[in-house]
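# Working through the structure, step by step
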Amino acid sequence: MQFKHPEILYFLFLLVIPILVHLFQLRRFKKEYFTNVHFLKELAIQTRKSSRLKKWLLLLTRLFLLACLIIAFAQPFFQAKDSKGITNEMFIVLDNSFSMQAKGKQGELMKRAVQELLENVPENQTFSLITNSETFWNTDIKSIQRELQNLKYSASPFVLDNLMAKIKSRKSPYNKDIVIITDAVGLQPKQLKNIDSTSNAYFIIPKAEQKNNVAIDSVFIQQALDNFYEIGITLSSYGDNEKDIPISLYNNKKLVAKTIVNFEGKEKSINFTIPKGDFNGYAAIDDNALQYDNQLFFSISKPQKMNIVSIGQPEKSSFLKKIYSDNEFIFSNFDLKTLDYNILEKQDAIILNEVPEVPQALQTTLKTFVEKGGNLIVIPSSESSISNLNSLMGNFGKIQFKSLENGEKLVTKIAFNHPLYSTVFEKKIDNFQYPNVSSAYSISSAYPSILSFEDQNAFLTAIQNPVSSIYVFSAPLNKNNSNFQNSPLIVPTFYNMALSSQKTGISALTIGENSPFLIDASLSKDEIVEIKSLSEETNEKFIPMQQILNNKVKLTFNDFPQEAGNFGVYKQDNLLKEISFNYARTESNIATSNESVLSDYNVIGSIDEVFDTLQTNRTDNEIWKWFVFLTLLFLVTEILIQKFVK
């Protein structure tokens, strides 16, 4: 037991006063004998004994009364269990990722968590609130009430170690109380390592009642016809989804197609046919689960003719003229001697077709061309020197040519999942008429093969950059060396290698991926492009990071925009290109809640339990009231003794 005012205990010396009074009352008197009082002797003795007992009882009562009164003023208490934690700083980590859209017993998990914070955090409690998207340092619940009520879901997934790093950056001499509110979807053990061992961490895990969910994952062009696009939309099912789900397709908010999806497995692809032209809209479903992944925004630009140039002998490039037809491409071929280097930067793809020696000046030009978003296709010549080929490839990545090997080889393996062939084959083919070559270079590549020989060596490989691709064959393709020109593979291979996904095809970017995006635009040094939402409901706009590359601009979006939707790239008021942004589908599987990793941590049911626990553990047990009660009790006892004890 301890005392808040121990100096008052000196007043216990006052206990001497009732003792002195008592001793004074017990002093001996001289006896005097009178006649005729003999019959009173026995009564006198009895009265004297009763009076002495009463005085002893009064003395003890007054001593206890005075002692209890003095101790009560000294305010005795028992020290709290966690008395040192009373100076701790409070941090609340609130998960506002899209998985918190799931519905619990009392509504959406995040909105319910916000309501509990508003109802149960003490008004005088100072704390810091950290979410996936916003941070409020050293505030109180009244100051951020409006911000909490308007808190939106974040496209950023819940990464606990990143949020803990923010807390650690706040240097303080005090320990920390950390309350973490999350559904634990995607929570990994390594994310818990950043929790300081000196901190008190409390986890609150709100739970979703139903964990079924359907998400629209991706969209792609299944087939490009003369006047129509056949687009494919992929959906994923999580949990048990037995009901048929309607899916709708909108172009500029106008319904253009609708069908029903029934899941036989975990994935399902649906095809729509739309007119070949500009498309700026979205696909939508309604599954009564998570809402953020029920829409997929995408844009399709009207096809533009692409500029393709082949460098090599005209007779060896005649097959390319048949592939790159005039209605889709502007194709030209130049011999190395007549090549004008100035036209190369205006091309979308360049084909080095069996050029025996590539000059250093051309190598430098090609390197710049690739860095600015152009695709390069390299077909080696049997007359090429290994050193010259490796000098060329050293500008782009880790592909090295070795010796030229003579002998027939069959191309027997196709990487069906590679983007080059992802829309070519409906299923894997086993009885395909594979091409052959009479001689080929053996190459060492750090990249996966697209086409492979029967001995597993690469026939075609590729280096994928954020804005361009470099495709490399290991053998000459002239008819004397290979029958590849007569193979059914020749058309889709060269057709897709020349395409730039950012100039034709579907635009459906993912927020936060930071992949560079190229657009055709000529800007002066002082001009910039701006991204604006095309929706009337939101007026979001931002200026992305941008780099001028001659007649192109490379854009980097970082974590913008904040909301998914259809957007336009504007130069002042001039719309240059329509693009679309979507949220990453990392939160769609609600069943990945990983509560088991928290077995060594303090998991509490609700926010009010946290504050009750902290108050209980850090509040001293004050017992001075009991001494006041004892003082009154002894006072009443004295009165009763005075009244009833003779």
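Look above for the structure.
In this convention, every chain numbers its residues from 1, walking through the sequence in written order. Per-residue local features of the predicted model are confined to residues with pLDDT of at least 70, and side-chain atom pairs are confined, for both listing and counting, to 80 or more; whole-chain, interface and lining totals are unaffected and use all residues. Excluded from the side-chain calculations are hydrogens and water; all other atoms, namely the structure's heavy atoms, are used.

## Some points on the overall build of the protein
- In terms of regular secondary structure, the protein is built from 11 helices and 36 strands.
- C-alpha atoms define the radius of gyration in this analysis, and the globule rule sets the expected value at 2.2 Å times the number of residues to the power 0.38. A compact globule built from 646 residues would reach a C-alpha radius of gyration of about 26 Å, whereas the protein, at 42 Å, exceeds it by more than 25%.
- A principal-axis box enclosing the C-alpha atoms of the protein has dimensions of 165 × 55 × 55 Å.
- Sorting the 646 residues of the protein into buried and exposed places 45% on the buried side.
- Here a residue-residue contact requires only that any non-hydrogen atoms of the pair lie within 4.5 Å. Taking as baseline every contact in the protein between residues at least 6 positions apart, the subset at least 24 positions apart corresponds to 71%.
- Summing over all exposed atoms, the protein offers an accessible surface of approximately 34,900 Å²; the carbon and sulfur share of this is 51%.
- Averaging the positions of the 66 positive and the 68 negative side-chain charges in the protein gives two centres separated by 14 Å. Where helices and strands are cited, they refer to DSSP runs of H or I of at least four residues and of E of at least two residues respectively, numbered from the N terminus. Only protein chains enter the accessibility calculation, which uses a 1.4 Å probe; a residue is then buried when its area is under 20% of its type maximum, exposed when over 50%, and partly exposed in between. Note on areas: Shrake-Rupley with a 1.4 Å probe; residue coverage comes only from the protein chains shown. Note that His is not counted, nor are the chain ends; the positive residues are Lys and Arg, and the negative ones are Asp and Glu. We put the charge of a Lys on NZ, of an Arg on CZ, of an Asp on CG and of a Glu on CD.

## Quick look at the sheet that holds strand β9 (residues 200–204)
- A pair of strands is treated as paired once DSSP finds two or more bridges between them. In spatial order, the strands read β7-β6-β3-β8-β9-β35; together these six strands make up an open sheet with mixed pairing. In the strand order of this sheet, the two ends are held by β7 (135–139) and β35 (602–603), each with one partner.
- Pairing analysis gives two bridges linking β9 to β35, with the strands arranged parallel. Directly across from F203, in β35, lies its bridge partner V603.
- Axis geometry follows a simple rule: fit a line to the C-alpha atoms, using only the stretch in contact for helices, then measure angles between N-to-C directions, giving values from 0 to 180 degrees. Most of the contacts of helix α3 (residues 109–120) go to strand β3 (residues 89–94), to which it runs at about 155 degrees, and overall it touches β3 and β8 (176–181).

## Quick look at the pattern of salt bridges
- Think of a salt bridge as a Lys or Arg side-chain nitrogen and an Asp or Glu carboxyl oxygen that are within 4 Å of each other. One pass over the full model with this rule turns up 11 salt bridges.
- Across the pair R112 and E116 runs a salt bridge, and its minimum N-O distance is 3.8 Å. With R112 and E116 both in helix α3 and four residues apart, this pair spans about one turn of that helix.
- By relative accessible area, R112 is classed as partly exposed at 24%.
- Residues K316 and E354 are paired through a salt bridge, measuring 3.2 Å at the closest nitrogen-oxygen approach. One end of the pair, K316, is in the loop between β17 (306–311) and α6 (318–323); the other, E354, is in the loop between β19 (349–353) and α7 (360–371), with 38 residues separating them in the sequence.
- Classification of K316 by relative accessible area gives partly exposed; the value is 24%.
- Judged by its relative accessible area of 5%, E354 is buried.
- When salt bridges that share partners are traced, they join E405, K409 and D455 into one network.

## Digging into the packing of aromatic side chains
- Think of it this way: a Phe, Tyr or Trp ring, Trp meaning its six-membered ring, pairs with another when their centres are within 6.5 Å, and the plane angle makes it stacked under 30 degrees, edge-to-face over 60, tilted otherwise. Summed over the entire model, instances satisfying the criterion amount to 25 aromatic pairs.
- Between the aromatic rings of F91 and W137, the centroid separation amounts to 6.4 Å while the plane-to-plane angle is 80 degrees, which identifies the pairing as edge-to-face. Placement of F91 in strand β3 and of W137 in strand β7 is noted, with a sequence separation of 46 residues between them.
- Overall, the relative accessible area of 29% leaves W137 in the partly exposed class.
- Cluster of aromatic residues (ring-pair linked, three or more members): F319, F453, F459, F473, F484 and F494.
- Looking at R170, its charged tip hangs above the ring of W137, at a distance of 4.3 Å from the centre.
- Each ring is checked for a lysine NZ or an arginine CZ that lies within 6 Å of its centre and within 35 degrees of its normal; such an atom marks a charge sitting over the ring. For K532, the ring lying beneath its charged end belongs to Y570, and the centroid distance is 5.1 Å.

## Here we look at a nonpolar patch on the surface
- Residues qualify for a patch when their relative accessible area is over 30% and they have no salt bridge, like charges being joined within 9 Å and the nonpolar side chains of Val, Leu, Ile, Met, Phe, Trp and Tyr within 5 Å. Together, F11, L14, I17 and V21 make up a nonpolar patch on the protein surface, roughly 350 Å² of accessible area in all.
- The topology assignment puts V21 in helix α1 (residues 16–25).
- Looking at V21, the relative accessible area reads 39%, which means it is partly exposed.

## Here we look at the nonpolar core
- Within this scheme, the nonpolar core is defined by two criteria: the residues are buried Ala, Val, Leu, Ile, Met, Phe, Trp, Tyr or Cys, and they are joined through side-chain atoms within 4.5 Å. In terms of nonpolar packing, the biggest core is built from 55 residues, with I92, L94, I531 and F557 touching the most fellow members.
- When residues of this core are assigned to their parent elements, the largest contribution, six residues, is made by α3.
- When sequence neighbours within four positions are dropped, the list of residues in contact with L94 reads A113, V114, L117, L129, I130, T131, N132, L148, L151 and I181.
- Among the nonpolar cores identified, the runner-up in size contains 35 residues, and V411, F416, A440 and L460 belong to it.

## Some words on α3
- The end-to-end C-alpha distance of α3, which contains 12 residues, comes to 16 Å, matching closely the 16 Å that a straight helix rising 1.5 Å per residue would cover.
- Burial in α3 covers these residues: L109, M110, A113, V114, E116, L117 and L118. In a helix, the anticipated span is given by 1.5 Å times the number of residues less one.

## Observations concerning the environment of P488
- Examined against the element boundaries, P488 turns out to sit in the loop between β25 (469–473) and α9 (490–498).
- When the C-alpha atoms of P488 and E134 are compared, they prove to be 55 Å apart, with 354 residues separating the residues in sequence.

## So, the packing of α7 against helix α8 (residues 386–393)
- The N-to-C vectors of α7 and α8 enclose an angle of 30 degrees; their axes lie 10 Å apart at closest approach. On the basis of their axis angle, the class for α7 and α8 is roughly parallel. The two elements α7 and α8 meet at a crossing, and its hand is right-handed. Contacts between α7 and α8 involve Q360, Q363 and L366 from the first element and N388, S391 and L392 from the second.
- When residues are sorted by character, Ala, Val, Leu, Ile, Met, Phe, Trp, Tyr, Cys and Pro go into the nonpolar class, Asp, Glu, Lys and Arg into the charged class, and all the rest, Gly among them, into the polar class. A breakdown of the residues in the contact of α7 with α8 according to their chemical character gives two nonpolar, four polar and no charged. By the definition adopted for this analysis, an angle is roughly parallel if under 35 degrees, roughly antiparallel if over 145, roughly perpendicular if from 65 to 115, and oblique otherwise. Each crossing gets its handedness from the near helix: less than a right angle anticlockwise from the far helix is left-handed, clockwise is right-handed.

## Digging into the sheet that holds strand β14 (residues 267–275)
- The strand order across the open sheet formed by three strands is β10-β11-β14, and the pairing between neighbours is antiparallel. With one partner strand each, in any of the chains shown, β10 (213–224) and β14 form the two edges of the open sheet. Strand-to-strand twist in this sheet, taken as the mean axis angle between neighbours without regard to direction, amounts to 25 degrees.
- Where β10 and strand β11 (residues 228–238) come together, 10 bridges link them in antiparallel fashion. Residue S218 lies in a different strand from β11, and its bridge partner there is T234.

## Details of helix α5 (residues 160–168)
- For α5, the full list of buried residues reads L160, L163, M164 and I167. For α5, the angular spread of the buried residues around the axis is 100 degrees, confining them to a single face.
- Tucked inside the fold, the buried residues of α5 contact β3, β6 (127–131), β8 and β9. Here the arc refers to the set of directions running from the helix axis out to each C-beta atom.

## Quick word on the pairing of strand β12 (residues 245–251)
- The buried fraction of β12 amounts to five of the seven residues, a majority that puts the element mostly inside the structure.
- Summarising the sheet, β12 and strand β13 (residues 254–261) pair through seven bridges and their orientation is antiparallel. Bridging from a neighbouring strand, I245 pairs with V261 of β13.
- Hairpin connection of β12 to β13: two residues between the antiparallel strands, including N252 at a positive phi of 55 degrees.
- Across five bridges, the pairing between β12 and strand β15 (residues 279–285) is antiparallel. Within the sheet, the bridge partner assigned to S248 lies in β15 and is A284.

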